[in-house]
Each structure stands twice: as structure tokens, then as C-alpha cells.
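Below are the chains, spelled out letter by letter.
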Amino acid sequence: MFWYNGQLKQTDSLELAIDDPGLLYGATVFTTLRVYHQSLDSPLTNWKSHCDRLISSLQTLGWQLPNLPQMRQGADVLSASYPILRITIFPNGREWITGRCLPSDLENRQQMGITAWLADAPEYRRILPMHKTGNYLPSWLAQQASQKQGAMEAILLDAKGNWLETSTGNLWGWKDNCWWTPPLEAGILPGVVRSQLISWLKKQNHPVREVVWDTKLVLSFEAIAYTNSVVEVIPIHTVLKALGELKYDPLHPSLMQLRSWWQILS
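Everything quoted here is computed from the prediction, not taken from an experiment.

Conventions and cut-offs
Residues numbered from 1 in each chain as written. Predicted model: local features only at pLDDT ≥ 70, side-chain atom pairs only at ≥ 80, totals over all residues. Heavy atoms only, no water. Helix = DSSP H or I, 4+ residues; strand = E, 2+ residues; numbered from the N terminus. Buried < 20%, exposed > 50% of the residue type's maximum accessible area, 1.4 Å probe, protein only. Polar contact = N/O pair within 3.5 Å; in protein donor to acceptor, adjacent residues only side chain to side chain. Contact = heavy atoms within 4.5 Å. 1 Å grid on protein atoms, 1.4 Å probe; cavity = no way out; pocket = protein on both sides within 12 Å on 5 of 7 lines; lining within 4 Å. Points joined across faces, edges and corners; volume = space filled by probe spheres on them. Nonpolar A, V, L, I, M, F, W, Y, C, P; charged D, E, K, R; others polar. Core = buried A, V, L, I, M, F, W, Y, C linked by side-chain atoms within 4.5 Å. Pairing = 2+ DSSP bridges. Expected span 1.5 Å × (residues − 1). Arc of directions from axis to C-beta. Axes fitted to C-alpha atoms, helices over the stretch in contact; angles between N-to-C directions. Parallel < 35°, antiparallel > 145°, perpendicular 65-115°, else oblique. Left-handed = near helix turned anticlockwise from the far one by under 90°. Bend = angle between axes of the 7 residues up to and from the residue.

**A look at the side chain of Arg 126**
In this fold, Arg 126 is placed in the loop between β6 (114-119) and α5 (137-148). Residue Arg 126 is classed as buried on the basis of its relative accessible area, which comes to 13%. Within polar-contact distance, the side chain of Arg 126 engages the backbone oxygen of His 131 at 2.8 Å. Reaching out from Arg 126, the side chain makes a polar contact with the side chain of Glu 165 at a distance of 3.2 Å. Among residues more than four places away in sequence, those in contact with Arg 126 are His 131, Lys 132, Tyr 136, Pro 138, Ser 139, Leu 156, Glu 165 and Leu 189.

Take a look at the structure:
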């Protein structure tokens, strides 16, 4: 079951023209959101921010905007059955919405953390990193390679070896009683949860620093994590790299503080 171009489809296949640019070149933009309490209006779902990011990308690329009430209708219909929605927009404004379930081991990941792998090769560098386009091949390749190394996530790097983001989320590090996250100018995706957390932390008078994650900085962190709209906050306890590994505390009190944001808004 999915929603496509104003209609609910009770099937598991989608028909596209053989010359569709979305099929040929990955010419789409998308966002993935978690629907809390089966409501698009929940502050945690943050429907508006997801729509704003889609619209910003479409305007930057010069593509047609979708029928927003129609897109909202499809999301409302699918949110009754799925807690996770992926909303994809084609260059001509067609909307395609699919749903899925939460990972079965999500709670364990949130509590115990995961292993990540440094994806240190040019083929893992994202194309148009400020936008979530259908051409997500570098991130997908990085995540597939990380799993072969026994990790669950890949950490993407720039040409200088600075850490940028994971294959599916934004990075956070803790040291000196402060949260640190790579800046947008480094070439990362402006994550919806990233923006939400920065806003919440500042309102709570907790310092946040947006700086480049060079080798010296990442070695100084006490704890690190990644965030996205589906998994919330996932600690990273081990980072695998070419020569050895880095260890971080997945049970650090700072991570409990970061996760408390969802309890407050729920």
C-alpha cells in the first residue's frame, strides 16, 4: 500500500515511464519522518519542517512544487497504518508516499549504542549534500560497506578527512560540558531533528557549538551519537577505522539529557 499522485494504491509496485528522470537519474527529493501519536500535527512529527525542507530543495532545483493539500491527504491516510513515512517528490510535482515500521531493535540501539565505520573513500561522498535527493547512492554504498565491517552505520568524511555525518543522520559529540555538531557549511544535510535539538538546547541554556570535526576534535569527545527523525538519538560506542578503533561512552549522562527532549514533548 502506498500513495501516488493523489491516489492510494493497494499494491507493491509502481509504474513509471521509461524516460522518467526520477527513474533514469534519481531526480527526486524526499524526506523521511516519524509520525508520533498517529498525528502529523504532533510537535515531534514536525510536519511543517519536513515540508519546508522539501519546498526549499524543489525551489533551489527549479522543480515544480507538489499539491500540498493532496500530499497532506496521502500522509494522513498512510499515518493510520505506518509510524514512518517517506515522502518523495518528482520534478513535475508528483508525490509518492510510502510507509514502514520502526526497527524492531530500536530501543536496544538507543540504550546500548552501535558500532560505526569510517567511510574513507571518494565514492562515499554525497552528491548535493544539502538536499535529500533520490541519488542517494554514495550513502547507500557506505552503509552497505559498513555492514560488511560489522558496523550498523557509516560515518562520511570530506576530502580532508573531517567527519561530516552518518549515512542516515547528523552527528553529535560531547565534551567540556557542551554539545558539538558539524556546521551546515561543511557540506551536511540540514536535518530536521538536528534543527529541533539545537533550538531546544539553546532554550534550555545548554551550549551548542557548530564546528568542523577534525581528527583532534573527534579524539577529545567523551560521547558521540547520531540523530534522525526515525531513530531519534543513537549513541555510537565504537568507530572502526583503517588503523584500529575509537571508543566512546554510550551511557554518558549527556546522552540521557539529549534523549529527554522527546519525553518532554511527548
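**Details of empty space enclosed by the protein**
In the structure shown here, the tally under the stated rule is 2 cavities of 30 Å³ or more. Estimated volume of the largest cavity: approximately 60 Å³. Lining the largest cavity we find Arg 34, Tyr 36, Leu 44, Thr 45, His 50, Val 192, Val 193, Gln 196, Asn 228, Ser 229, Glu 232 and Trp 262. A total of 3 residues in the lining of the largest cavity trace back to one element, the largest contributor, which is helix α6 (residues 192-203). For the lining of the largest cavity, a count of residues per class yields 5 nonpolar, 5 polar and 2 charged. Approximately 40 Å³ is the volume found for the second largest cavity. Lining the second largest cavity, in full, are Val 29, Phe 30, Arg 53, Leu 54, Ser 57 and Lys 132. Of all elements in the fold, only β3 (29-34) and α2 (47-61) reach the threshold of two or more residues within the lining of the second largest cavity. Broken down by element, the lining of the second largest cavity gets its largest block of residues, 3 residues, from α2. Split into classes, the residues belonging to the lining of the second largest cavity amount to 3 nonpolar, 1 polar and 2 charged.

**Here's the deal with the nonpolar core**
Counting residues in hydrophobic clusters, the biggest one holds 25 residues, and the most contacted among them are Trp 163, Trp 213 and Val 239. Going through the elements one at a time, β6, β7 (153-157), β10 (178-181), α7 (215-220), β12 (223-228) and β13 (232-241) are the ones with two or more residues in this core. Residues within four places of Trp 163 in sequence aside, it is in contact with Leu 118, Ile 155, Leu 156, Leu 157, Leu 171, Pro 182, Trp 213, Val 218, Ile 224, Val 239, Leu 246 and Tyr 248. Residues Leu 44, Ile 198, Trp 200 and Ala 223 belong to the second largest nonpolar core, which totals 18 residues.

**Some thoughts on the pairing of strand β9 (residues 170-175)**
For β9, a buried count of 6 out of 6 residues is recorded, marking the element as mostly surrounded by other parts of the structure. Where β9 and β12 come together, 5 bridges link them in antiparallel fashion. Among the inter-strand pairings, Trp 174 is bridged to a residue of β12, identified as Ala 223. One ladder, built from 3 bridges, connects β9 with β10; its direction is antiparallel. Bridge pairing in β10 links Trp 174 to Trp 179. The antiparallel hairpin formed by β9 and β10 contains 2 residues in its connecting segment, where Asp 176 sits at a positive phi of about 55°.

**So, α5**
Here α5 contains 12 residues, and its C-alpha end-to-end distance of 17 Å stays within 8% of the 16 Å for a straight helix at 1.5 Å per residue. Buried within α5 we find Pro 138, Ser 139, Ala 142, Gln 143, Ala 145 and Ser 146. With its buried residues spanning 165° around the axis, α5 presents them on a single face. Taken together, the buried residues of α5 touch β6 and β7.

**So, the packing of α2 against helix α3 (residues 68-79)**
As a packed pair, α2 and α3 sit with axes 13 Å apart at the nearest point and diverge in direction by 130°. By the angle between their axes, α2 is oblique relative to α3. In the crossing of α2 with α3, the sense of the turn from one axis to the other is right-handed. Of the residues in α3, those in contact with Trp 47, Cys 51, Leu 54 and Ile 55 of α2 are Leu 68, Met 71, Arg 72 and Ala 75. Residues belonging to the contact of α2 with α3 are distributed by class as follows: 7 nonpolar, no polar and 1 charged.

**So, helix α8 (residues 253-265)**
At Arg 259, α8 is deflected by roughly 30°, the largest bend along its length. Those residues of α8 that fall on the buried side of the exposure criterion are Ser 254, Leu 255, Leu 258, Arg 259, Trp 261 and Trp 262. Residues of α8 that are buried in the fold lie against α4 (106-112), β9, β10, α6, β12 and β13.

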